[in-house]
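Commentary on secondary and tertiary structure
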Amino acid sequence: MAPQHLRRPPQAPPLFTATAESILSDAKRLIESSRKVQDDVVAKVSPESANFASVLKPLAHNDNVMALESNIIGFYQAVSTQQELRDASSKAEELMDDFFIEASMREDIFQLVAAVLKKNESLDPESRRLLEKEHQDFVRNGLDLPAGPKRDRFKEIKKRLSLLAIEFGKNLNEEDGGIWFTPEELEGVPQDVVAGLKKGEGENEGKLWLTFKYPDLFPTVRYAKNPETRKKVSIQNENKCNQNIPLFREAVILRDEAARLLGYPNHAAFRIEDKMAKTPKTVDDFLGGLRTRLTDGGRKELAQLQELKKTDLESRGEAFDGGYYLWDHQFYNRLMLEKDYSLNQQLVAEYFPLQNTIGGMMRIFEELFGLVFVEVTGEDRAQIATTNKGDDIVWHEDVQLFSVWNDEGEGGEFVGYLYLDLFPRPGKYGHAANFNLQPGYIDAEGKRRYPATALVCNFTKPTSSKPSLLKHDEVVTLFHELGHGIHNLVSRTTYSRFHGTRVARDFVEAPSQMLENWCWTPEQLKALSKHYSTISPDYLAAWKEQNKDQTEPSEKIPDEVIANIIRTKHVNAALFNLRQLHFGIFDMTIHEPRNHEEIENLPISSTYNRLRKEITQIPGPETLGLGDEWGHGQATFGHLMGGYDAGYYGYLSSQVYSTDIFFTAFKSSPMDPAAGRKYRYQVLEKGGSQDEMQTLTEYLGRPPSDDAFYKELGLA
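Residues numbered from 1 in each chain as written. Predicted model: local features only at pLDDT ≥ 70, side-chain atom pairs only at ≥ 80, totals over all residues. Heavy atoms only, no water.

**Topic: the overall build of the protein chain**
Defined as follows: In this description a helix means any DSSP run of H or I spanning at least four residues, a strand means any run of E spanning at least two, and both kinds are numbered starting from the N terminus. Each radius of gyration is computed over the set of C-alpha atoms, and the globule rule expresses the reference value as 2.2 Å times the number of residues to the power 0.38. Accessible area is worked out with a 1.4 Å probe on protein chains only. A residue is then buried under 20% of its type maximum, exposed over 50%, and partly exposed in between. Methods summary: accessible areas were calculated by the Shrake-Rupley approach with a probe of 1.4 Å, and residue burial reflects only the protein chains presented.
Broken down by element type, the protein chain carries 28 helices and ten strands. Against the globule reference of 27 Å for 716 residues, the protein chain gives a C-alpha radius of gyration of 26 Å, in line with a compact fold. With the C-alpha coordinates aligned to their principal axes, the bounding extent of the protein chain is approximately 85 × 65 × 60 Å. The buried share of the protein chain, reckoned over its 716 residues, is 57%. A total accessible area of about 29,600 Å² is found for the protein chain, and carbon and sulfur atoms account for 50% of it.

**A closer look at the packing of aromatic side chains**
Pairs of aromatic rings are described using the distance from one ring centre to the other and the angle between the two planes. The cut-off we apply is this: Put simply, two rings from Phe, Tyr or Trp (the six-membered ring, in Trp's case) pair if the centres are within 6.5 Å, and we call them stacked under 30 degrees between planes, edge-to-face over 60, tilted for the rest. A ring has a charge above it when a Lys NZ or an Arg CZ is no more than 6 Å from the ring centre and no more than 35 degrees off the ring normal.
Across all of its chains, the model carries 36 aromatic pairs by this definition. Note on F414 and Y417: the rings are 5.1 Å apart at their centroids and 65 degrees apart in plane angle, and the pair reads as edge-to-face. The two residues F414 and Y417 agree in class, both being buried. An aromatic cluster of at least three residues, connected via ring pairs, comprises F365, F369, F479, W518, F662, F666, Y679 and Y699. Residue placement shows K667 over the ring face of F663; its charged tip is 4.8 Å from the ring centre. Sitting above the plane of the Y699 ring, K678 keeps its charged end 5.3 Å from the centroid.

**Some thoughts on the nonpolar core**
What tends to happen in soluble globular proteins is that the nonpolar side chains get buried as a cluster. The test is simple: Grouping buried Ala, Val, Leu, Ile, Met, Phe, Trp, Tyr and Cys residues that are joined through side-chain atoms within 4.5 Å yields what is termed a nonpolar core. Contacts: residue pairs with any heavy atoms within 4.5 Å of one another.
V55, L418, W518 and F666 are the most contacted members of the largest nonpolar core, which totals 152 residues. Leave out the neighbours within four places in its chain, and F666 touches L368, M514, W518, I661, A675, G676, Y679 and Y699. Judged by nonpolar contacts, the second largest core, of 38 residues, contains A88, A92, Y450 and V456.

**Here we look at helix α1 (residues 20-44)**
Where we set the bar: Here the expected length of a helix is defined as 1.5 Å per residue gap, with one fewer gap than residues.
The end-to-end C-alpha separation of α1 is 37 Å, in line with the 36 Å expected for 25 residues at 1.5 Å each. Regarding α1, the residues found buried are A20, S22, I23, A27, L30, I31, S34, Q38 and V41. Of the surrounding elements, those touching the buried residues of α1 are α2 (52-79), α3 (83-104) and α4 (107-119).

**Notes on the sheet that holds strand β1 (residues 178-181)**
Definition in use: Any two strands with at least two DSSP bridges between them are considered paired. The angle between two axes is taken between their N-to-C directions and runs from 0 to 180 degrees, where each axis is a line fitted to C-alpha atoms and a helix contributes only its stretch in contact.
Strand order in the open sheet formed by three strands is β1-β3-β2, with antiparallel pairing between adjacent strands. Looking at which strands have only one partner, the edges of the open sheet turn out to be β1 and β2 (198-199). Strand direction decides the pairing type here: β1 and strand β3 (residues 208-211), joined by four bridges, are antiparallel. Within β3, the residue paired with W180 across the bridge is W209. Helix-sheet contacts for helix α9 (residues 227-237) involve β1 and β3, and the interaxial angle to β1 is about 160 degrees.

**Brief notes about the sheet that holds strand β7 (residues 433-438)**
Ordered in space as β4-β5-β6-β10-β7, the five strands form an open sheet in which the pairing is mixed. The strands lining the two open edges of the sheet, one partner per strand, are β4 (371-375) and β7. Put simply, the sheet's adjacent strands are angled 25 degrees from each other on average, direction ignored. As paired elements, strand β5 (residues 400-406) and strand β6 (residues 414-421) share six bridges and run antiparallel to each other.

Structure representation (structure tokens):
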């Protein structure tokens, strides 16, 4: 049990007691309160008397306070089990977004902000950045357009885009499709997965319902021996949520129109202007150069995989047609790891029970960054809840809650709250992501307000005979998302606008990608591991029942298995990165048309599929006569409707920064606490409170370089 002083945080966690009615009334209350703050500023201040304290400070404090509730109001649509609550959350977000658009286009507020900027007061650096960013936002929201039809149309587009994004995300979260398969069609799929599938009745008697959720989908495309099964899953997975096709198309066309109204040549130019890359040309050159470097490697990897497919089929007495298709790739990539690298992911997963792995990750972050994680359970939940009800401070019974503190060496202060929501359920967000529930900032009285952040994932649920077990790539995913969570927790900014992950979109992935490296170092893999059979006598008995006459496994993962994992880090890496390039180049293609007519006439689905075939060099069903419109992957591409539009390249450009950081500061000694503290305080703590290139340059002692990135990929 944690010491008493770590069981009573100085700030209560947020409550999750909303009803459909309260969500809407709370959203309306926040809007009215915020509008009053803005109206009061306009009533009390003239352009002549305007200064930072009278204009920007009250607006910033209002933003701070509003974020304490608004983020959570919108969060319910991603995690609630109640349809009416999710619907209310979506409607409330729509209302709040409409208000934010109205506020961002208030001429009277813009005139005051412009007046403050013109006076050039002496301000601290973060306040100066806030002033400049607020002014820039007004300009980018059309306030330089003359009042009249153009500005009205721009506002109309902004509101419609907000609505499209909300509806698109809602459709994805509530997607509940699947396919009925016979047990024979699922031959090769791990028994744990098959045993957990819903059994059919009536006309589907004897069949099993396979959903498109990750715990069903991934094992099937990796292990199903029947290529027709993998093909069917792959095609239908790319045709789920087809109601999003027109929403995506409309959004892309409207973005282009809005950018041109502001005088930009296209949406990409508008979006990238305030990122680290600054111009679409910088992005196109980066993606094009990487594609050139990777293409030959991709061809070589494909040739090896094709040969493996030929050998595999002939060993089973089946004919090889000479092709290698999308639905083959995960299967033969996995088979190559097993055959050529002696890496059995199912056996690897036995050493990474979810809860033990989480504990190991937290110990790494504790040692590196000087933190302490304390799980809040039982009576302690009731003690710290303002309602004295422990259930009120989580949104679902599966959710784990941690209070996070600085250790004694870093001063012992409270840092914030971390939530883990790790298993799939109907209506829940379907991928893995970090949600910042409440930002940190300095309040109007000068006191620190502490953050609350949540990891929402979809790992396989535990059973009576096994805990939830993570394959190595899932360990990497968990580390990545926890990296975002740590960024939100340790950030210390004056204003919520710059807190944590609220940085340039082409930098936001760098801190979490950097922390993935600890999943590829021998000492850390050993420390994270614990064979599930050593957790309890019941698990040991279940393991023995399934593995008769086998020697009991060691508690820690064997060194030779670790060596095999590390050897596979860059196996088929060219193909993996070409897949990322497909996403990034598709994103730029649809957001960088030469004229508006071009995007209006662009066949988006066939462009998505054609680019994938050209870039990854792996054909899909179009080779079988289905044409380029066979699937609609953009309809499930949540990133491009959720803030990564003309920004998906950031996953690759962030990798350049993250690799440079790791090679420079950590590669020779990954657990060096001095290096960890320096990274915490010089990078993570800054959030977006200063220019990200300045943050990187000051931390590295030089401008960032892509040398380590290409060296790591073997392309130097």
